[in-house]
Amino acid sequence: MASSLSALLDWRPNTPFYYGWLVLGLSGAGAFVATAVAGVVLGGVQSFILEDTLWPRTSIGLASSCGVWLSGVFAPFAGRLADRYGPRWLMPVGVIVLGVSMVSIGGVHTAWQFFIAAVIGRAISQPFLIGVVPRTMAVNFFNRRRNIALALTGIYRPISGALIIQAFALITLLADWRTAFRLLGFFSLFLAIPMIIIMRRRPEDIGLLPDGARASAATGSSGSSATQRGGRAAAQETAPAEASWTSREAMRTKAFWMVSMVAFLNVTGSSGLGFSLVPYLHEFAGLSTPQAAGVLSVSTFLALSSLVWGQVAGKLTPRWCIVAAMAVSTLATLALLEVNSLAAAYAYGVFWGLFHSALEVLMYMVLADYFGRNSYGAIAGAMRPFEAGGLGLGQIVGPVVYDLTGSYTILILFSAVAQGCGMLLMAVARRPERPAPLAVEAA
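Since the structure is predicted, the reported quantities are computational estimates derived from the model, not experimental observations.

**Considerations on helix α12 (residues 254-284)**
Phase 1: For α12, spanning 31 residues, the distance from its first C-alpha to its last is 42 Å, which sits close to the expected 45 Å at 1.5 Å a residue.
Phase 2: Where α12 terminates, the next one or two residues include Gly 286, which has phi positive at roughly 80°.

**A word on the environment of Arg 319**
Phase 1: Along the polypeptide, Arg 319 turns up in helix α15 (residues 318-335).
Phase 2: Taking relative accessible area as the criterion, Arg 319 reaches 12% and is therefore assigned buried.
Phase 3: Taking C-alpha positions, Arg 319 is 8.5 Å from Met 365, a pair spaced 46 residues apart along the chain.
Phase 4: Non-local contacts of Arg 319, meaning those with residues more than four positions away in its chain, are made with Val 366, Tyr 370, Met 426, Ala 427, Val 428, Ala 429 and Arg 430.
Phase 5: At 2.3 Å, the side chain of Arg 319 forms a polar contact with the backbone oxygen of Ala 427.

**What about the confidence of the model for the protein chain?**
Phase 1: Chain-level pLDDT for the protein chain is 84 on average; 88% of the residues reach the 70-or-more range.
Phase 2: Within the model, pLDDT remains below 50 along residues 216-240, and this stretch shows 38 contacts once partners closer than five positions in the same chain are excluded.
Phase 3: Considering only residues more than four positions removed or in separate chains, one finds that residues 437-443, a stretch of pLDDT under 50, has 16 contacts.

**Observations regarding the packing of α12 against helix α16 (residues 342-356)**
Phase 1: The interhelical angle for the contact between α12 and α16, taken along N-to-C directions, is 155°, at an axis separation of 13 Å. Considering the angle they form, α12 stands roughly antiparallel to α16. Seen along the crossing, α12 lies across α16 with a hand that is left-handed. Between α12 and α16, the contacting residues are Asn 266, Ser 270, Leu 273, Leu 277 and Leu 281 on the first element and Ala 345, Tyr 348, Trp 352 and His 356 on the second.

**Remarks on unusual backbone geometry**
Phase 1: Positioned with a positive phi, Leu 54 is a non-glycine residue whose angle comes to about 60°.
Phase 2: Among the structural elements, Leu 54 can be located in the loop between α3 (39-53) and α4 (57-85).
Phase 3: On the basis of relative accessibility, which here comes to 72%, the residue Leu 54 falls in the exposed class.
Phase 4: Even without being glycine, Asp 211 reaches a positive phi, approximately 75°.
Phase 5: As for its position among the elements, Asp 211 is in the loop between α9 (177-198) and α10 (225-238).

**Examining the packing of aromatic side chains**
Phase 1: The tally for this structure, following the rule as stated, stands at 18 aromatic pairs.
Phase 2: Centre to centre, the rings of Trp 177 and Phe 181 are 6.1 Å apart; their planes meet at 90°, and the pair counts as edge-to-face. Of this pair, Trp 177 and Phe 181 both sit in helix α9, 4 residues apart, which is roughly one turn of the helix.
Phase 3: Using a relative accessible area of 3% as the deciding quantity, one classes Trp 177 as buried.
Phase 4: Clustering of aromatic rings is evident, with ring pairs tying together Phe 48, Trp 55, Phe 114, Phe 168, Trp 177 and Phe 181.
Phase 5: Of note, Arg 12 hangs over the ring of Tyr 19, and the distance from its end group to the ring centre comes to 4.8 Å.
Phase 6: The ring of Tyr 364 has Arg 135 lying over it, and the distance from NZ or CZ to the ring centre is 4.1 Å.

**Re the pattern of salt bridges**
Phase 1: Applying the stated criterion across every chain yields a total of 5 salt bridges.
Phase 2: The salt bridge partner of Arg 431 is Asp 369, with a shortest N-O separation of 3.2 Å. Of this pair, Arg 431 sits in the loop between α19 (409-427) and β2 (441-442) while Asp 369 is found in helix α17 (residues 359-371), placing the two residues 62 residues apart along the sequence.
Phase 3: When its relative accessible area of 46% is taken as the criterion, Arg 431 is described as partly exposed.
Phase 4: Judged by its relative accessible area of 28%, Asp 369 falls in the partly exposed class.
Phase 5: Across the salt bridge formed by Glu 387 and Arg 384, the nearest N and O atoms sit 3.6 Å from each other. Of the two residues, Glu 387 and Arg 384 both sit in helix α18 (residues 376-405), 3 residues apart, roughly one turn of that helix.

**Details of a nonpolar patch on the surface**
Phase 1: There is a patch of nonpolar side chains on the surface, built from Trp 11, Phe 187, Phe 190, Ile 193 and Ile 197 and spanning about 510 Å² of accessible area.
Phase 2: For Phe 187, the position within the fold is in helix α9.

**Re the nonpolar core**
When a protein is soluble and globular, its nonpolar side chains tend to lie buried together.
Phase 1: Counting residues in each nonpolar core, the largest one holds 94 residues, and the members touching the most others are Phe 114, Leu 362, Leu 367 and Met 426.
Phase 2: Sort the elements by how many residues they give to this core and α17 lands first, with 11 residues.
Phase 3: Excluding anything up to four places from it in sequence, Phe 114 contacts Leu 42, Ile 49, Trp 55, Ile 60, Ala 63, Ile 105 and Val 108.
Phase 4: If you look at the next biggest cluster of nonpolar residues, it comprises 20 residues, including Leu 277, Val 278, Ala 292 and Trp 352.

The rules we used
- Residues numbered from 1 in each chain as written.
- Predicted model: local features only at pLDDT ≥ 70, side-chain atom pairs only at ≥ 80, totals over all residues.
- Heavy atoms only, no water.
- Helix = DSSP H or I, 4+ residues; strand = E, 2+ residues; numbered from the N terminus.
- Expected span 1.5 Å × (residues − 1).
- Buried < 20%, exposed > 50% of the residue type's maximum accessible area, 1.4 Å probe, protein only.
- Contact = heavy atoms within 4.5 Å.
- Polar contact = N/O pair within 3.5 Å; in protein donor to acceptor, adjacent residues only side chain to side chain.
- pLDDT = per-residue confidence, 0-100.
- Axes fitted to C-alpha atoms, helices over the stretch in contact; angles between N-to-C directions.
- Parallel < 35°, antiparallel > 145°, perpendicular 65-115°, else oblique.
- Left-handed = near helix turned anticlockwise from the far one by under 90°.
- Phe/Tyr/Trp six-rings, centres within 6.5 Å; stacked < 30°, edge-to-face > 60°.
- Lys NZ or Arg CZ within 6 Å of the ring centre and 35° of its normal.
- Salt bridge = Lys/Arg side-chain N within 4 Å of Asp/Glu carboxyl O.
- Patch = residues over 30% accessible without salt bridge, like charges linked within 9 Å, V, L, I, M, F, W, Y side chains within 5 Å.
- Areas by Shrake-Rupley, 256 points an atom, 1.4 Å probe, with all protein chains shown as cover.
- Core = buried A, V, L, I, M, F, W, Y, C linked by side-chain atoms within 4.5 Å.

Given below as structure tokens:
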């Protein structure tokens, strides 16, 4: 019985391409459903909910912020679990919790019930389905194409957000917003099955090496469990050497804390600006609300540029890509003060989307480049609270500044200063050197 169960768990589908692309693609489905409770989607669909329920507008915004903050608390634990167990069991847990949360949202009748369901769904789904766990999986399965794999995990969320908002609007027109959440919830629950079957911790577990190299001719893709165990051993013996730090070693370096502070400054400045961009363009640049929303949509869609940045980072290193992107982002932010036409607004949106949208992914590329893959989940999880804290803080700064001054000028200058400081800090955050006895380990 035990051997039958072991054989069943060892089974995986044959693929005519590298298996890492399959697990990477399936992680995109997880990011798709997880985006349903992300701030960008809740902000985009809140009008459907508020018109029906007459809840206070702050109820949805507070649920979004608290969910982000709590995801930052869970991220370090999710990272350590990702290093130890991989995505095979963590991602199914994520889609199950998320599915139950969204089905529950479809049946709530009070704002506090919505708050609890949305916060729980966001807190678990972000690290398990969007952030730490899928990124750790990408780093484990890819080496030479690692930057491209990380770039793909980065564009899943903005693309999913655009698709879900449109799907949500269509379902709401045909039925109501509760049906939209229930359908997404049931789809999320269904995803647990293929994730258990397909996901793996590392390519070595199935007799492969990163990027698709095979350990030996004896390593079959669908052989017996004994053959697969032999393949795993061969893969481990022939795995390429890579400088790989433990999480404790990484967090003793100045580079880790400097990169984490850059992440905080980046998210704090950009989230405040993004949260208030549409009202600013409408009230101070003379655009209509649909035109301002169109600028935001174009900027968000250009997150696809992350794929190009993944290629460029392989030539220039992720560190210098971040410096260049933050420099242009700083200039674009200052130029926003002079935007007074639709053409100028779209020019800003294009520059912001092309250069700034890739920064989050580039931060995680730096971590992989500096510290390797053995403890990548724990290291990335330790950086996530900086991002979550900056995201929550940035969304608060804009409304507070406007209420106090009646203008967004201070907010724009604050965002530009944050981006500029992050650029300078990243410029001096060089790759750390390990003590000589621990300089290189087998991956």
